[in-house]
Amino acid sequence: TVAERIRESLVTERVLATLATLLACAAAILACTGLYGLLAYTVARQTREIGLRLALGAHPRAVTAKVLTDSLVLTGIGIALGLGGALALARFARGLVFQITPADPISIAAASVLMLVVAGLASALPAWRAARIDPVVALKVE
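Let me sum up the structure you'll find in this document. (Residues numbered from 1 in each chain as written. Predicted model: local features only at pLDDT ≥ 70, side-chain atom pairs only at ≥ 80, totals over all residues. Heavy atoms only, no water.)

What about the overall build of the protein chain?
Working step 1: When its secondary structure is counted, the protein chain shows 6 helices and 0 strands.
Working step 2: Secondary structure elements of the protein chain, listed N to C terminal, follow the sequence α-α-α-α-α-α.
Working step 3: Taking 142 residues into account, the globule formula puts the C-alpha radius of gyration at 14 Å, and the protein chain, at 22 Å, lies well above it.
Working step 4: Across its three principal axes, the protein chain shows a C-alpha extent of roughly 75 × 30 × 25 Å.
Working step 5: Taking all 142 residues of the protein chain together, the buried fraction comes to 17%. (Helix = DSSP H or I, 4+ residues; strand = E, 2+ residues; numbered from the N terminus. Rg over C-alpha atoms; globule rule 2.2 N^0.38 Å. Buried < 20%, exposed > 50% of the residue type's maximum accessible area, 1.4 Å probe, protein only.)

See below:
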């Protein structure tokens, strides 16, 4: 039937789309893991500073907001650099995408929002841990 012939003619495109989706998911997981590791290390290095802030009366919510803000600033810089690189290399990808331009604003916005969500998920646990630091223990740690 015509439907079977259409389905057969699109096998290669579907395989490539599935492969691209799997690679994109792997890249998002790697980005989340890397950002989590960086933020966990940063929070561990700043234990004394965070403990001092809490001892001087900072609200745990303010500490959480600081860690999340630091994460989102790093993510924003990464998105800006990635967007610049993607737009610079867009002419090479014209033949690889179907029915969209490489500089499609919807795709760029979706990828940017996805990276912000990944960054929020990656920074949630370090921010929560930073807010729960005991000031007395943090100030005694040498």
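Here the narrative resumes, following the displayed structure.
Some details on helix 2 (residues 11-45)
Working step 1: The first and last C-alpha atoms of helix 2 sit 51 Å apart over 35 residues, in line with the 51 Å expected at 1.5 Å per residue.
Working step 2: Of all the positions in helix 2, only Ala28, Leu35, Leu39 and Val43 are classed as buried.
Working step 3: Turning to helix 2, the residues buried within the fold contact helix 3 (47-55), helix 4 (60-88) and helix 5 (105-131). (Expected span 1.5 Å × (residues − 1). Contact = heavy atoms within 4.5 Å.)

Quick word on the nonpolar core
Working step 1: With 9 residues, the main nonpolar core is built from Val43, Ile50, Leu54, Val63, Val67, Ala127, Ala130, Ile133 and Ala138.
Working step 2: Look past the residues within four positions of Val43 in its chain and what remains in contact with it is Ile50, Val67, Pro126 and Ala130. (Core = buried A, V, L, I, M, F, W, Y, C linked by side-chain atoms within 4.5 Å.)

So, the packing of helix 2 against helix 5
Working step 1: Where helix 2 meets helix 5, the axes come as close as 9 Å, and the angle between the chain directions of the two elements is 30°. Considering their axes alone, helix 2 and helix 5 lie roughly parallel with respect to each other. Considering only the axes of helix 2 and helix 5, their crossing is right-handed. Residues Ala28, Ala31, Cys32, Leu35, Tyr36, Leu39, Ala40 and Val43 of helix 2 touch helix 5, and the partners they reach there are Met115, Val118, Ala119, Ala122, Ser123, Leu125, Pro126, Arg129 and Ala130.
Working step 2: Grouping the constituent residues of the contact of helix 2 with helix 5 by class yields 15 nonpolar, 1 polar and 1 charged. (Axes fitted to C-alpha atoms, helices over the stretch in contact; angles between N-to-C directions. Parallel < 35°, antiparallel > 145°, perpendicular 65-115°, else oblique. Left-handed = near helix turned anticlockwise from the far one by under 90°. Nonpolar A, V, L, I, M, F, W, Y, C, P; charged D, E, K, R; others polar.)

A few points about the side chain of Ser123
Working step 1: Residue position: Ser123 is located in helix 5.
Working step 2: Here the side chain of Ser123 touches Ser71 through a polar contact of 3.5 Å, side chain to side chain.
Working step 3: Not counting the four nearest positions on each side in its chain, Ser123 is found in contact with Leu39, Leu68 and Ser71. (Polar contact = N/O pair within 3.5 Å; in protein donor to acceptor, adjacent residues only side chain to side chain.)

A short note on a nonpolar patch on the surface
Working step 1: On the surface, Val2, Ile6 and Leu10 cluster together to form a nonpolar patch covering roughly 270 Å² of accessible area.
Working step 2: Along the chain, the position of Val2 falls in helix 1 (residues 2-9).
Working step 3: According to the relative accessible area criterion, Val2 is exposed, its value standing at 61%. (Patch = residues over 30% accessible without salt bridge, like charges linked within 9 Å, V, L, I, M, F, W, Y side chains within 5 Å. Areas by Shrake-Rupley, 256 points an atom, 1.4 Å probe, with all protein chains shown as cover. Salt bridge = Lys/Arg side-chain N within 4 Å of Asp/Glu carboxyl O.)

Quick word on helix 5
Working step 1: The terminal C-alpha atoms of helix 5 lie 37 Å apart, and with 27 residues this matches the ideal 39 Å at 1.5 Å per residue to within 8%.
Working step 2: All of the buried residues in helix 5 are Val118, Ala119, Ala122, Ser123, Pro126, Ala127, Ala130 and Ala131.
Working step 3: At its buried positions, helix 5 is contacted by helix 2, helix 3 and helix 4.

What about the side chain of Thr75?
Working step 1: By the secondary structure assignment, Thr75 is in helix 4.
Working step 2: Polar side-chain contacts of Thr75 include one of 2.8 Å to the backbone oxygen of Ser71.

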